[in-house]
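# Structural features, examined
Here are the chains, one letter per residue:
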Amino acid sequence: MNSAVDIALKAVGMAALWIFAGLTFLFLPLSVMASDGCDQGDTRTICTTAAQQAVGWIPLLTAPTAALLGTWGLVSRREGAPVAWGVAVAMLMGAWVVVDGIVG
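Now for a look at the structure at hand. (Residues numbered from 1 in each chain as written. Predicted model: local features only at pLDDT ≥ 70, side-chain atom pairs only at ≥ 80, totals over all residues. Heavy atoms only, no water.)

## Section: helix α3 (residues 83–103)
When the terminal C-alpha atoms of α3 are compared, their 30 Å separation across 21 residues agrees well with the 30 Å that a helix rising 1.5 Å per residue should span. Of the residues making up α3, those classed as buried are A84, A88, V89, L92, A95, V99 and I102. Buried residues of α3, seen end-on, are gathered within an arc of 160 degrees and therefore sit on one face of the element. The exposed residues of α3 that point more than 90 degrees off its buried face are V83, V97, D100 and G101. Packed against the buried residues of α3 are α1 (4–27) and α2 (49–75). The positive-phi residue at the C-terminal boundary of α3 is G104, with phi of around 65 degrees. (Helix = DSSP H or I, 4+ residues; strand = E, 2+ residues; numbered from the N terminus. Expected span 1.5 Å × (residues − 1). Buried < 20%, exposed > 50% of the residue type's maximum accessible area, 1.4 Å probe, protein only. Arc of directions from axis to C-beta. Contact = heavy atoms within 4.5 Å.)

Set out below in C-alpha cells:
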C-alpha cells in the first residue's frame, strides 16, 4: 500500500506533467508563426512546408501521448511503471527542443 508521501508525490508529479503537456499542446504549435517573415527563396528551415507542418503537429501529437503515458506510469502498480513518467517528461522536453531547432 502506498504511503501518504508517495500519494502526494504522485499527485504533484501528475499535476506537473499535465500542466507541462497542456502548455506544450496550447502554445508550442504557435511557433509556426516564425514562418511569417519568410520570403520567396528564403532558405531557413521554418520556411519549408514540411517544417511548418512538423512544428504544428509535433506538439499536438506528443502532448496527449506523453500525458497519458505519464499518467499510466504513476497510477500503474507494475514494477518499473514510474519510468514511463520520466519518458513522458522527456518526450515533452524533446518536442520543445525539436521545434526550437526547426524554428531556429
